[in-house]
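Results of the structural survey
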Amino acid sequence: MLHPDIGSTLDGLAAHVRVRSCQVMAAAGRFAPSPTGPLHLGNLRTALLAWCFARSRQAPFLVRVEDLDPQRSRPEHEAGQLADLAAVGIDWDAPPWRQSERRDRHREAFERLRAQGLVYRCWCTRAEVREAAQAPHAALDAYPGTCRRLSAGERAACERAGRAAAWRLDAGAVRASFEDALAGESSAVVDDFVVWRGEPDDPAGVPAYNLAVVVDDADVGVGEVVRGDDLLATTPRQVQLARLLGLEVPRHVHVPLVLDVEGRRLSKRAGAVTLAERLARGEAVEEVVGWLAASAGLAAPGTSLTAREVLAAFDPAQIDREPAILDPARRLAELEAGRGR
Ligand SMILES: [Zn+2]
């Protein structure tokens, strides 16, 4: 499903996007799932919204596989996710590509930060970071900068001990703000977050999520990031990183999530949450897409729709700002009632 010669594909794509951008000012939109399990209806809804945002502007739409976690990423999940996106009617303008294949570009960005003296090694374990970040309102497990303040001697001792290290951004406690298209003005003090786990010249080292996302979006001309609002809190980090790297900051649109009946993030325990599970229950794809649209405030409940039909009527102003609740039992009853009519 992925293109074998990803380098030239991305060059071609970047050129394509640039040409399109000049012509119609259409910066690409994207969906970027992690291949760690099947997509659930919440993921599919976010993908549908991201696609509608891009397509309603006649902009290119891209899919990126965020497989930086080698332990949890699986090719079968990647294939299943792409198949599900296609099945609900979402299309894209370049072959999907894997984040793990772009290490050279991530490394280049890291070296640019290092050359500016903007990164430092951190030897803290997760538990140590948690313990140190005891400020009552510390969001995001904000890192308190412990290793930034180590003396040269302490640093040398850590290096000699050979403990696993990560590289953090020396963010300088700057406040980064941005205007979210749905959530409005948003800002936070950026902590010294991790930009690289392990060492960049060690194949076992891995670029951190925030670095990879910022570089990958900028590289292919993604100008609009539509994603779940659970990521809103991490966006100031990415905004600041883009600025430090001299990259364009994309427009952000954080959309509400789909929750289970207990108000938790959707997961397997909520019941039938994947496309395959919905279809196995006798639901048609158009009924699933109709639910996705209706749950976001974009269609009347109980409507059967194709993605194209959702797009044709798409009005961002109608997007429900509250999270949607997926109640599989109620959904089943609704479907049965609908069919009985
Ligand atoms: Zn540390």
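Just so you know, these numbers come straight off a predicted model, no measurement behind them. (Residues numbered from 1 in each chain as written. Predicted model: local features only at pLDDT ≥ 70, side-chain atom pairs only at ≥ 80, totals over all residues.)

**Here's the deal with the overall build of the protein**
Along its length, the protein carries twelve helices and 13 strands. Counting over 341 residues, the protein shows a buried share of 39%. (Helix = DSSP H or I, 4+ residues; strand = E, 2+ residues; numbered from the N terminus. Buried ≥ 20, exposed ≤ 12 C-beta atoms within 10 Å, placed from the backbone.)

**Here's the deal with the sheet that holds strand β4 (residues 119–122)**
Reading across the sheet, the four strands line up as β4-β5-β8-β9 and stay open at both edges, with antiparallel pairing between neighbours. If you trace the sheet from one side to the other, it starts and ends with β4 and β9 (206–207), each paired once. Sheet topology places strand β5 (residues 166–169) next to strand β8 (residues 194–197); three bridges connect them, and they run antiparallel. The partner of R168 across the bridge, within β8, is V194. (Pairing = 2+ DSSP bridges.)

**Observations concerning the environment of E101**
As for its placement among the helices and strands, E101 is situated in the loop between β3 (97–98) and α4 (103–115). Distance from E101 to L68, taken between C-alpha atoms, is 9.3 Å for residues 33 residues apart in sequence.

**Thoughts on the confidence of the model for the protein**
For the protein, the mean per-residue pLDDT works out to 89, and 89% of the residues sit at or above 70. For the stretch residues 18–25, pLDDT sits under 50, and the model shows seven contacts to residues farther than four places along the chain or on other chains. (pLDDT = per-residue confidence, 0-100. Contact = placed C-beta atoms within 7 Å.)

**Things to note about helix α2 (residues 41–55)**
When the terminal C-alpha atoms of α2 are compared, their 20 Å separation across 15 residues agrees well with the 21 Å that a helix rising 1.5 Å per residue should span. In terms of burial, α2 is largely enclosed, as 15 of its 15 residues are buried. (Expected span 1.5 Å × (residues − 1).)

**Observations concerning unusual backbone geometry**
Unusually for a residue other than glycine, Q58 sits at a positive phi of about 55 degrees. Tracing the backbone through its elements, the reader meets Q58 in the loop between α2 and β2 (61–65). Among the residues examined, Q58 registers 11 C-beta atoms within 10 Å and is labelled exposed. Phi at A173 takes a positive value of approximately 50 degrees, unusual for a residue other than glycine.

**Looking at the nonpolar core**
In terms of nonpolar packing, the biggest core is built from 50 residues, with L48, W51, V88, L292 and V310 touching the most fellow members. It is α2 that provides the largest number of residues to this core, a total of ten residues. A domain split of this core shows at least three residues from each of domain 1 (4–102 + 210–258) and domain 3 (262–338). With 32 residues, the next largest nonpolar core counts W167, A188, V195 and A218 among its residues. (Core = buried A, V, L, I, M, F, W, Y, C linked by C-beta atoms within 7 Å. Domains from an automatic or database assignment.)

**Describing the packing of α4 against helix α7 (residues 209–219)**
Packed helices, taken two at a time, are described by the angle their axes make and the gap between the axes. Running from amino to carboxyl end, α4 crosses α7 at an angle of 110 degrees, the nearest separation of the two axes being 9 Å. Taken together, the axis directions place α4 and α7 in an arrangement best described as roughly perpendicular. Residues R105, H106, A109 and F110 of α4 lie in contact with α7, whose contacting residues are L211, A212, V215 and D219. In terms of residue class, the contact of α4 with α7 is built from five nonpolar, one polar and two charged. (Axes fitted to C-alpha atoms, helices over the stretch in contact; angles between N-to-C directions. Parallel < 35°, antiparallel > 145°, perpendicular 65-115°, else oblique. Nonpolar A, V, L, I, M, F, W, Y, C, P; charged D, E, K, R; others polar.)

**Things to note about the packing of α7 against helix α8 (residues 235–244)**
Where α7 meets α8, the closest approach of the two axes is 9 Å, and the angle between their N-to-C directions is 60 degrees. One way to sum up the angle between α7 and α8 is to call them oblique. Crossing angle aside, the handedness with which α7 passes α8 is right-handed. Contacts between α7 and α8 pair N210, L211, V213, V214 and A218 from the former with R237, Q238, L241 and A242 from the latter. Residue composition of the contact of α7 with α8, grouped by class: six nonpolar, two polar and one charged. (Left-handed = near helix turned anticlockwise from the far one by under 90°.)

**A closer look at the environment of A165**
Within the secondary structure, A165 sits in the loop between α6 (152–161) and β5. In this structure, the C-alpha to C-alpha distance between A165 and R197, residues 32 residues apart in sequence, is 6.9 Å. Ignoring any residue separated from it by four or fewer positions in sequence, one finds A165 in contact with R121, C122 and W123.

**Re α8**
An α-helical turn contains 3.6 residues, so a residue and the one three or four places further along point in the same direction. Of all ten residues in α8, nine are buried; the element is thus mostly enclosed. Listing the buried residues of α8 in full gives T235, P236, R237, Q238, V239, Q240, L241, A242 and L244. Each element contacted by the buried residues of α8 is listed here: α4, β5, β6 (175–180), β7 (184–189), α7 and β11 (251–255). G246 lies just past α8 and shows a positive phi near 70 degrees.

**Re the environment of V226**
Structurally, V226 is set in strand β10 (residues 222–228). If near-sequence neighbours (up to four positions away) are discounted, V226 is found in contact with G29, T46, L49, A50, F53, V253 and V255.

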